[in-house]
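# Tertiary structure, described
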Amino acid sequence: MLADKHILLIVGGGIAAFKALDLVRRLRERGARVTPVLTRAGAEFVTPLSLAALSAAKIYQDLFDLTDEAEMGHIELSRAADLIVVAPATADLMAKMAGGLANDLASTLLLATDERVLIAPAMNVRMWEHAATQRNLATLQGDGILVVGPNNGDMACGEYGPGRMAEVPEIIAAIDAALSDGPLRGKHVLVTSGPTHEPIDPVRYIANRSSGAQGTAIARALADLGADVTFVTGPADVPPPAGVTVVKVQTAREMLAAVQAARPADVAVFAAAVADWHVMNAGQSKIKKDGNRLPVLGFAENPDILATVSHAKHGRPGLVIGFAAETDDVIANATAKRARKGCDWIVANDVSAATGIMGGTENAVTLIMKDGSETWPRMTKDAVATALAKRIAEAIS
Ligand code: C5P
C-alpha cells in the first residue's frame, strides 16, 4: 500500500518516541522508505543508532551539519518526501510550527516544506488542554496540517486523559489516508483565487476585499482528493495551501497569462475576485500631489479570464466553474452570468455587507448548473470547498 512512498519522519522529544521505532518498522514492512530526523530532545529518548538501523537510512539531526548540506540541503530534504510525519509532536514542536519558528532542523524543515504534514501529538494532559496548545492546534489545522490523536489514556507521568500519542496502527491508517489515491488522482485542476491589484502608479493600486479564503480552501480540498492543482493567486490575505503548485500574480492581465500558461487542465475553478478594470494611464513613477490639479485616471476593461477559457476553441477544460458574488437578485443574476460567460457551473453567493461573507469564514452558496440549481445551507468556507470538490470528482469520473 505504501510501496514507493517516501516518508520524512520527525521524531520529537517525548516518552512516546519509543513508538517511533515501531512506526519505522511497520512503514518499511509496507514498502515505504523512511528518512528519520531526530530532534535534540528526541535523541534523549531514542538513539540515532536504533533509528538508523531500523530505517536503513541516514539520520538527520543538525541544521548546521555541513556534510548534510553538501549532500542534500534542508530545503531539498523538506520537499523530497511524499509526506512529513511528526511523531511524537511535542507541545514545543507544535508551538514552533504554529508560530513559524525555524531554529533547528525539524522546525526549519516544517517551515520550508511544500508537502503535506501529519502530526501525532503526545504530551502531558494539562499541556494538551492548555489554551496555548489548543490555540496552536487550531492554527495548525487551519494551515492544513493533518492531525492523528492524541488518545485518552494513562500517561507515563501518572495522569489520565488526552495526551497519549496515537498507536502505531492509527498513525499508519492516517498516513494511508493522507497518501491514498483520491478520485482526482491524475487530474490537473486549475484554481484562481484572491483579489487582483491594479496599479495606479508604482506605489498605489486599486484592489477589492477578497481574502482568498474560499479559493484557497477549494484548492486544498481538490488536492486532498488527489488532484494535481495549479493555484494562480492574486495578493491574498491567507497563505496558499500545501501540496499545490503556486503561481503568484498581481494584476488581471498577469492572472490570464498564468492561467493560459498552466493549461491544459481537466477542470478550472475561477474563484478569484478579478478587478473589472485596470488604470490605462498608470504612472511609471509616483504621481505627485500637484496644487489644485487632481489626477484623472482612465480605465480600460480587464480580460475576462473565465469567459476566455470557457469560450476557448481548443483545449477547453472539461468542466469550467465560475463564481458570482452578487448583492441583489443573486440567483437570477448568477443564472444569466453562467450563460453569458459560457461556463458549466456557477457558484453564486450573496456578498451584501449584512451577510459577512466577503472576508468572513462562512459562505452560503447556490450551485447553478445548465439544468438546474441547488442551494446549500450556510457553512464554513472549508465545508463549501469540500462539498464542491466532491461534486467535481463525481462529475468528471
Ligand atoms: O463578472 P464577475 O466578476 O461577477 O464574474 C465572476 C466570475 O468571473 C468569477 O468566477 C471570476 O473569477 C471570473 N472573472 C474572471 N475574469 C474577470 C472577471 C471575473 O475570470 N476579469
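Everything numeric here is computed off the predicted structure, so don't read it as measured data.

Burial along strand S13 (residues 267-270) is two-sided: the residues Val267 and Val269 and Ala268 and Phe270 are all buried. Note: strand S8 (residues 188-193) against S13, 4 bridges, orientation parallel. Considered in S13, the bridge of Thr192 is made with Phe270.

Turning our eyes to something else, we now look at the packing of aromatic side chains. Taken as a whole, this structure holds 1 aromatic pair when the rule is applied. Relative to Phe299, the ring of Trp277 has its centre 6.5 Å away and its plane inclined at 65°; by these criteria the two rings are edge-to-face. Within this pair, whereas Trp277 is found in strand S14 (residues 277-279), its partner Phe299 is found in strand S15 (residues 299-301), the two being separated by 22 residues in sequence. Under the relative-accessibility criterion, Trp277 is labelled exposed at 51%. According to the relative accessible area criterion, Phe299 is partly exposed, its value standing at 43%. A cation sits over an aromatic face here: Arg391 above Trp345, 5.9 Å from the ring centre.

This part covers the layout of surface pockets. The space that makes up the largest pocket amounts to roughly 1200 Å³. Every residue lining the largest pocket is counted, 48 residues in all, and those nearest its centre are Gly142, Asp143, Gly144, Arg220 and Pro241. If you list the elements that add at least two residues to the lining of the largest pocket, you get helix H5 (91-99), helix H6 (105-112), strand S4 (116-121), helix H8 (131-142), helix H10 (213-224) and helix H14 (381-396). Looking at the lining of the largest pocket, the element that brings in the most residues is H10, giving 7 residues. Among the residues making up the lining of the largest pocket, the classes are represented as 23 nonpolar, 15 polar and 10 charged. Each pocket or cavity is described by its volume, and for the second largest pocket that value is around 930 Å³. Elements with a contribution of two residues or more to the lining of the second largest pocket: H10, S15, helix H12 (305-310), strand S16 (319-326) and helix H13 (330-341). In terms of residues, the lining of the second largest pocket owes the most to one element, S16, which gives 4 residues. Looking at side-chain class alone, the lining of the second largest pocket contains 20 nonpolar, 11 polar and 7 charged residues.

Time to look at the side chain of His197. Relative to the assigned elements, His197 resides in the loop between S8 and strand S9 (198-201). Residue classification places His197 among the buried residues on the basis of a relative accessible area of 14%. Setting aside anything within four residues of it in sequence, one finds His197 in contact with Tyr205, Ile206, Ala207, Pro235, Gln250 and Thr251.

Our next topic: the sheet that holds strand S17 (residues 345-350). Here 8 strands make up an open sheet; going across it, the order is S12-S11-S8-S13-S16-S17-S19-S20 and the pairing mixed. The open sheet has two edge strands, strand S12 (245-248) and strand S20 (372-375), and neither has a second partner. Ignoring strand direction, the axes of neighbouring strands in this sheet form an average angle of 15°. Sheet analysis places strand S19 (residues 365-369) next to S20, joined by 4 bridges and oriented antiparallel. In the sheet register, Ile368 faces S20, and the bridge partner there is Ser373.

Ordered by their spatial adjacency, 5 strands build an open sheet running S2-S1-S3-S4-S5, and the pairing between neighbours is parallel. Each end of this open sheet is capped by a strand with a single partner; those strands are strand S2 (33-38) and strand S5 (146-147). As defined by bridge partners, strand S1 (residues 6-11) adjoins S2 across 6 bridges and the pair is classed as parallel. What sits directly across from Ile10, in S2, is Val37. The strands that helix H1 (residues 17-29) touches are S1, S2 and strand S3 (83-89); relative to S1, the one it contacts most, it runs at about 170°.

Among the surface-exposed residues, Ile15, Phe18 and Phe45 lie close enough to one another that they form a single nonpolar patch of about 330 Å² accessible area. Relative to the helices and strands, Phe18 resides in helix H1.

Our next topic: the site of the ligand. Taken together, Phe270, Ala272, Val274, Pro303, Asp304, Ile305, Leu306, Gly322, Phe323, Lys337 and Lys341 make up the full set of residues adjacent to the ligand. Here a nitrogen atom of the ligand sits 3.0 Å away from a polar atom, N or O, in the main chain of Ile305. Contacts to the ligand include Phe323, whose backbone N or O atom sits 2.7 Å from an oxygen atom. Coverage of the ligand by the protein chains reaches 87% of its 440 Å² of free accessible surface. Because more than half of its atoms lie within 2 Å of the grid, the ligand is assigned to the second largest pocket. The set of elements that each furnish at least two residues to the shell around the ligand consists of H12, S16 and H13.

If you look at the biggest cluster of nonpolar residues, it comprises 33 residues, and the most contacted ones within it are Leu9, Leu27, Val85, Ile171 and Ile175. Listed by contribution, the elements that provide at least two residues to this core are S1, H1, S2, S3, S4 and helix H9 (168-179). In terms of residue count, the dominant contributor to this core is H9 (7 residues). Membership of the second largest hydrophobic core comes to 32 residues, among which are Leu184, Val267, Trp376 and Met379.

Looking at the protein, the domain boundaries give domain 1 (6-178) and domain 2 (188-396). Between domain 1 and domain 2, the C-alpha centre-to-centre distance is 36 Å. Opposite the 6 residues of domain 1 that make contact, domain 2 presents 4 residues. Summed over both partners, the interface of domain 1 with domain 2 buries about 380 Å², with 40% contributed by carbon and sulfur atoms. In terms of surface lost to domain 2, no three residues of domain 1 exceed Asp114, Arg116 and Asp143, which account for 70% of the buried area on that side. Scanning the region where domain 1 abuts domain 2 turns up 1 salt bridge. The residue Arg116 makes a salt bridge to Asp224 at a minimum N-O spacing of 2.7 Å. Counting the contacts that link domain 1 with domain 2 gives 1 residue pair in polar contact (both at pLDDT 80 or more). Residues that form the side of domain 1 that touches domain 2 fall into these classes: no nonpolar, 2 polar and 4 charged.

Rules behind the numbers
- Residues numbered from 1 in each chain as written.
- Predicted model: local features only at pLDDT ≥ 70, side-chain atom pairs only at ≥ 80, totals over all residues.
- Heavy atoms only, no water.
- Buried < 20%, exposed > 50% of the residue type's maximum accessible area, 1.4 Å probe, protein only.
- Helix = DSSP H or I, 4+ residues; strand = E, 2+ residues; numbered from the N terminus.
- Pairing = 2+ DSSP bridges.
- Phe/Tyr/Trp six-rings, centres within 6.5 Å; stacked < 30°, edge-to-face > 60°.
- Lys NZ or Arg CZ within 6 Å of the ring centre and 35° of its normal.
- 1 Å grid on protein atoms, 1.4 Å probe; cavity = no way out; pocket = protein on both sides within 12 Å on 5 of 7 lines; lining within 4 Å.
- Points joined across faces, edges and corners; volume = space filled by probe spheres on them.
- Nonpolar A, V, L, I, M, F, W, Y, C, P; charged D, E, K, R; others polar.
- Contact = heavy atoms within 4.5 Å.
- Axes fitted to C-alpha atoms, helices over the stretch in contact; angles between N-to-C directions.
- Patch = residues over 30% accessible without salt bridge, like charges linked within 9 Å, V, L, I, M, F, W, Y side chains within 5 Å.
- Areas by Shrake-Rupley, 256 points an atom, 1.4 Å probe, with all protein chains shown as cover.
- Salt bridge = Lys/Arg side-chain N within 4 Å of Asp/Glu carboxyl O.
- Near = heavy atom within 4 Å.
- Polar contact = N/O pair within 3.5 Å; in protein donor to acceptor, adjacent residues only side chain to side chain.
- Sits in = over half its atoms within 2 Å of the grid points.
- Core = buried A, V, L, I, M, F, W, Y, C linked by side-chain atoms within 4.5 Å.
- Domains from an automatic or database assignment.
- Buried area = accessible area lost by both parts, 1.4 Å probe.

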